[in-house]
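What follows is the residue order along each chain.
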Amino acid sequence: MRVLIAMVLCLPVVAFAQAPPPATERWQITISTTTDESASTSKDEPRYKETYKDSLHSEAHVTAVVEAFASTGGYQSLRVVSLSASGSSRTTHEEHIKRLDVDSEHHNETDDWTEESSATAEPPATKDGVVAFTVNPAGVAASAAVRFRGASTNKRTHTDYRGTTHKDDSTPIDEVDSLGFYGPATAEMVSSRHYTGSETDTGNPTANAKLGQTQVTVTTVDIQPLTPRPDAELVLSIPHYEDWLPDPKSPLVVTATLKGKKGKLPADLHLSKLHAKLVGTSSEPGESVNWPLHPTKTEKDLVVKGGNARDAAQQEIEIPFAHDTEQVEVDATDYGGWSELVITGDLTDGRTLTAVLPGKPNVLLPYRDAKSHVATAWKKANKAASLADDDDSETKPAGKPGAPGDGLTLYEEYRGMQCGDAHVRLDPANKDLFVHNRIGAPADAGLKLLQTASGIAVHGCLAKDQLLDSRVVNANHGDGPHLVDQHAIVLKYPDAETDDSPRKRSGAYGGGGASERIGTPGQVKYVTVDEHDAHVKALGELDWDIEVAHELMHAMGVEHHGEEDVQPAYWEYTPAGDLIERATTAATITVQDELGHVLPRTDHWMQQLWVQHPDEPMSMGLYVAHVHGEHSGDEHCIMRYAVSQPVSMPDGTMDFLTIFVDEKNPNVRHLVPKREPLGTHLCTSKTGTGNNAPGHRPTRWHGDATRGDCAHQFVVSDRFPIAEHAAQSH
């Protein structure tokens, strides 16, 4: 037992950076040791098979209460106030030798013994408890000689294979052991020993009883102060913490300060070292949902700086020889990064404190709910506090029922995108549409009109190097919520690059450019607007803007108000004076004014038509609008056609004629010297307005729309693709 107690009390010396506070402190030191030895088998020469079973279980327990006397230079001595020690050991050995050679004289002989031992220690006298004690320059930890006085009792019974019994007597103990002294801590030390070797004495197997066995010793040391320590705390200060959003251009500065909880700290209690660590840091591809296009980033989305880096990913730093106030910096490499910051400080009295941010249970970066990766400040600013990270439920503007959202999750809108020269975070309450405007400035007003008319936030700022060939705008995604690959719409002239449009005209094209179609942004390959299109030629800037907005609405599934009107139509007079319209079902037509008066060939406006189209028959066609066709419905909707015939007047001015089929008589054409009203919004009904309104006088123009209600047709999100159909998109 002498050896056992000495073993459990010999502890290493721990170093600290500064001397402990000059005070008298009382400590309780508890040391517990358990040793187990497993049974095993070893083999000898071919003559014998020897089986050794050695079952050992040893325990020791020491408790000491010591007083530490300190002065300016540190602890000078220890006084052991109380001391108790106990230990026990139980060992049973059974060794069997089984003869394999019938000539052996040791046939079926055994050698058995058992052992029990215990020890106790008495508290030493005062003169023994006060011992010389040298303190390390670091301070608290040191070792001291402590005298144990008591008795060790060993009870050993041994019966050899001849049947002879042996007994051991009790032995007193009076020894000096080394006692380790630490700051407050609990530690567990595990050691193991495996016995190896070879049999050399087959006649005396007991000499090698431990061959092939493993001994495991577990020592637990618990040292706690009985005298209250100076009450200190490590407090964090993070200006603008609750408002900070991850931004590579805006680091977050964190200040850690050692303070006394109830006043000033003792003059010689300080920080000796500071640790800052980021835990659970995200690593999203790129730095936003679309930038860079082909991300190769391997670093974490948030990194910590300000000390010696402890890892290549810059997730942990250490500041040795720390001042009582230190700063660390958290830098973002991604606009949507998240992590948790943990800061700890080592004190000169051996304690380690975890820093606290007043009023916060932990330091989540950015400031957010523990179940969310989105900053609380951004959620509040966008009235999205109740929304989940994967939310995509925008109903503003309404659009098609059952198809909410814009294809971007709340987290993706928060993370944002690179658009032109700026990074932009999006509005989670409003649907967003992305347009790669290859036409440039001439189309900007059309994009603005689309936004005003529809209520959709239209982003036409994407540069060429900010959009993949696939047109996916949120391709950079990892652990952050992602629902669908959302696409941008490419807007261009028909012949701007390789002319893969089937015709040089305005339209929305899908299916590899083989056909005009409507659909969501992902279904429409590109939209073209021809600056020389007959629909807008010489009609002015607003017509061009409407054309841009109109065609982009086709890329969100919106159809025309009705079926295609007849175009072009050609008029010619027969020798008998009848007016024939080719390209329609009408063999003979009559042209009337708005009041219903027939217009003869000599009418001023009829003559002006032939001035514009001098050949007989007409060499250029007219646009004739039909009832419930593309010109029908709300006359201020951008999806309604507003085509009038431009007429150059003799004085150089431009005038317009509107030609349409009579609502009641399909063989009557009305020629009205007025221009079709231009659209500036999306209609919410099929009912005609203005010249198309029911009961309009003197003549209703085009009637109610076949479809209409365009404000409830469009679909922005690629989560809800639209089925193919034959609707034209120009």
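As the structure is a prediction and not an experimental result, all values here were calculated from the model.

Chemist: Account for the overall build of the protein chain, naming residues and giving values.
Modeler: In terms of regular secondary structure, the protein chain is built from 7 helices and 35 strands. A burial count over the protein chain gives 50% of its 730 residues as buried. Restricting to contacts in the protein chain with at least 6 residues of sequence separation, those with at least 24 account for 71%. Per element, the accessible surface of the protein chain, about 33000 Å² overall, is 51% carbon and sulfur.

Chemist: Tell me what's going on with the sheet that holds strand 33 (residues 645-648), and back it up with residues and numbers.
Modeler: Reading across the sheet, the 4 strands line up as 31-35-34-33 and stay open at both edges, with mixed pairing between neighbours. Where the open sheet ends on each side, the last strands, each with one partner, are strand 31 (590-592) and strand 33. On average, adjacent strands in this sheet sit at an angle of 30° to one another, irrespective of strand direction. In the packing of helix 7 (residues 604-612) onto the sheet, contacts are made with strand 31, strand 33, strand 34 (654-661) and strand 35 (668-672), and the angle to strand 33 comes to roughly 85°.

Chemist: Describe the state of the cysteines, with residues and values.
Modeler: The final tally for this structure, using the stated rule, is 1 disulfide. The thiol of Cys 637 is not disulfide-bonded; the next cysteine sulfur, from Cys 683, is found 3.7 Å away. Free of any disulfide, Cys 710 has its nearest cysteine sulfur in Cys 683, 3.7 Å distant.

Chemist: Give a detailed account of the side chain of His 670, specifying residues and quantitative values.
Modeler: Relative to the assigned elements, His 670 resides in strand 35. Accessibility expressed as a relative area gives 2% for His 670, which makes it buried. Residue contacts for His 670: discarding those within four places in its chain leaves Gln 592, Asp 593, Glu 594, Thr 658, Ile 659, Phe 660, Asp 662 and Thr 699.

Chemist: Tell me about the nonpolar core, residues and numbers included.
Modeler: In this structure, Leu 491, Leu 552, Met 553 and Leu 682 are the most contacted members of the largest nonpolar core, which totals 37 residues. Here the element with the most residues in this core is helix 6 (residues 541-554); it accounts for 6 residues. Residues within four places of Met 553 in sequence aside, it is in contact with Leu 450, Val 558, Ile 638, Met 639, Leu 682 and Phe 714. Formed by 32 residues, the second largest nonpolar core is a distinct cluster that contains Leu 234, Leu 252, Leu 258 and Ala 322.

Chemist: How would you sum up helix 7? Please name residues and give values.
Modeler: Listing the buried residues of helix 7 in full gives Trp 605, Met 606, Gln 608, Leu 609 and Trp 610. Capping the start of helix 7, Asp 603 holds a side-chain oxygen 2.9 Å from the backbone nitrogen of Trp 605, two or three residues further along.

Chemist: Account for the side chain of Asp 545, naming residues and giving values.
Modeler: Assignment of secondary structure puts Asp 545 in helix 6. Excluding residues that lie within four positions of it along the chain, Asp 545 makes contacts with Ala 445, Gly 446 and Leu 449.

Chemist: Talk me through the packing of aromatic side chains; I want residue IDs and the actual numbers.
Modeler: This structure, assessed with the given rule, holds 9 aromatic pairs. In this structure, Lys 492 is placed above the aromatic ring of Tyr 526, and the distance from its NZ or CZ to the ring centre is 4.4 Å. Sitting above the plane of the Phe 656 ring, Arg 675 keeps its charged end 4.5 Å from the centroid.

Chemist: Run through empty space enclosed by the protein, naming residues and quoting values.
Modeler: The tally for this structure, following the rule as stated, stands at 2 cavities of 30 Å³ or more. Put simply, the second largest cavity is a space of about 40 Å³. Looking at the second largest cavity, the residues that line it are Val 289, Asn 290, Pro 292, Leu 293, Gln 466, Leu 467, Leu 468, Val 472, Val 473, Ala 475 and Asn 476. Among the residues making up the lining of the second largest cavity, the classes are represented as 8 nonpolar, 3 polar and no charged.

Chemist: Tell me about unusual backbone geometry, and name the residues and values.
Modeler: At the junction of Trp 291 and Pro 292, the peptide bond is cis and its omega measures out at -10° in the coordinates. Here Pro 292 lies in the loop between strand 13 (271-279) and strand 14 (302-305). In this model, Leu 365 is joined to Pro 366 through a cis peptide bond whose omega is -10°. With respect to the helices, strands and loops of the structure, Pro 366 is situated in the loop between strand 20 (363-365) and helix 3 (376-381). Notably, Phe 321 is not glycine yet its phi reads approximately 50°, a positive angle. Positionally, Phe 321 belongs in the loop between strand 16 (316-320) and strand 17 (325-332).

Chemist: Describe helix 5 (residues 444-454), listing the residues and the values that go with them.
Modeler: Residues of helix 5 that are buried include every one of Gly 446, Leu 447, Leu 449, Leu 450, Ala 453 and Ser 454, and no others. Looking straight down helix 5, one finds that the buried residues subtend no more than 160° of arc, so they occupy a single side. Opposite its buried face, helix 5 presents the exposed residues Lys 448 and Thr 452, each directed more than 90 degrees away. Trailing helix 5 by a residue or two, Gly 455 shows a phi angle of about 85°, which is positive.

Chemist: Residue-level account of the pattern of salt bridges, with values.
Modeler: With the rule as written, the count across this model stands at 15 salt bridges. Here Asp 334 makes a salt bridge to Arg 415, at a shortest N to O gap of 2.6 Å. Separated by 81 residues along the polypeptide, Asp 334 in the loop between strand 17 and strand 18 (339-347) and Arg 415 in helix 4 (residues 410-415) bring together distant segments of the chain. Of the two residues, Asp 334 and Arg 415, neither departs from the other in class, the shared state being buried. Between Asp 704 and Arg 700 there is a salt bridge, and its shortest N-O distance comes to 2.5 Å. Classification of Asp 704 as partly exposed rests on a relative accessible area of 25%. Residues joined in a network through salt bridges with shared partners are Glu 559, Glu 563 and Arg 707.

Chemist: Could you give me a rundown of the pairing of strand 26 (residues 507-510), with the residues and numbers involved?
Modeler: Of the two faces of strand 26, the one lined by Gly 507 and Tyr 509 and the one lined by Ala 508 and Gly 510 are each fully buried. Two strands pair when backbone bridges link them, and strand 26 and strand 28 (residues 526-528) are joined in this way by 3 bridges, in the antiparallel orientation. Note on strand 28: the bridge partner recorded for Tyr 509 is Tyr 526.

Reading the values: the criteria
Residues numbered from 1 in each chain as written. Predicted model: local features only at pLDDT ≥ 70, side-chain atom pairs only at ≥ 80, totals over all residues. Heavy atoms only, no water. Helix = DSSP H or I, 4+ residues; strand = E, 2+ residues; numbered from the N terminus. Buried < 20%, exposed > 50% of the residue type's maximum accessible area, 1.4 Å probe, protein only. Contact = heavy atoms within 4.5 Å. Areas by Shrake-Rupley, 256 points an atom, 1.4 Å probe, with all protein chains shown as cover. Pairing = 2+ DSSP bridges. Axes fitted to C-alpha atoms, helices over the stretch in contact; angles between N-to-C directions. Disulfide = S-S within 2.5 Å. Core = buried A, V, L, I, M, F, W, Y, C linked by side-chain atoms within 4.5 Å. Polar contact = N/O pair within 3.5 Å; in protein donor to acceptor, adjacent residues only side chain to side chain. Phe/Tyr/Trp six-rings, centres within 6.5 Å; stacked < 30°, edge-to-face > 60°. Lys NZ or Arg CZ within 6 Å of the ring centre and 35° of its normal. 1 Å grid on protein atoms, 1.4 Å probe; cavity = no way out; pocket = protein on both sides within 12 Å on 5 of 7 lines; lining within 4 Å. Points joined across faces, edges and corners; volume = space filled by probe spheres on them. Nonpolar A, V, L, I, M, F, W, Y, C, P; charged D, E, K, R; others polar. Arc of directions from axis to C-beta. Salt bridge = Lys/Arg side-chain N within 4 Å of Asp/Glu carboxyl O.

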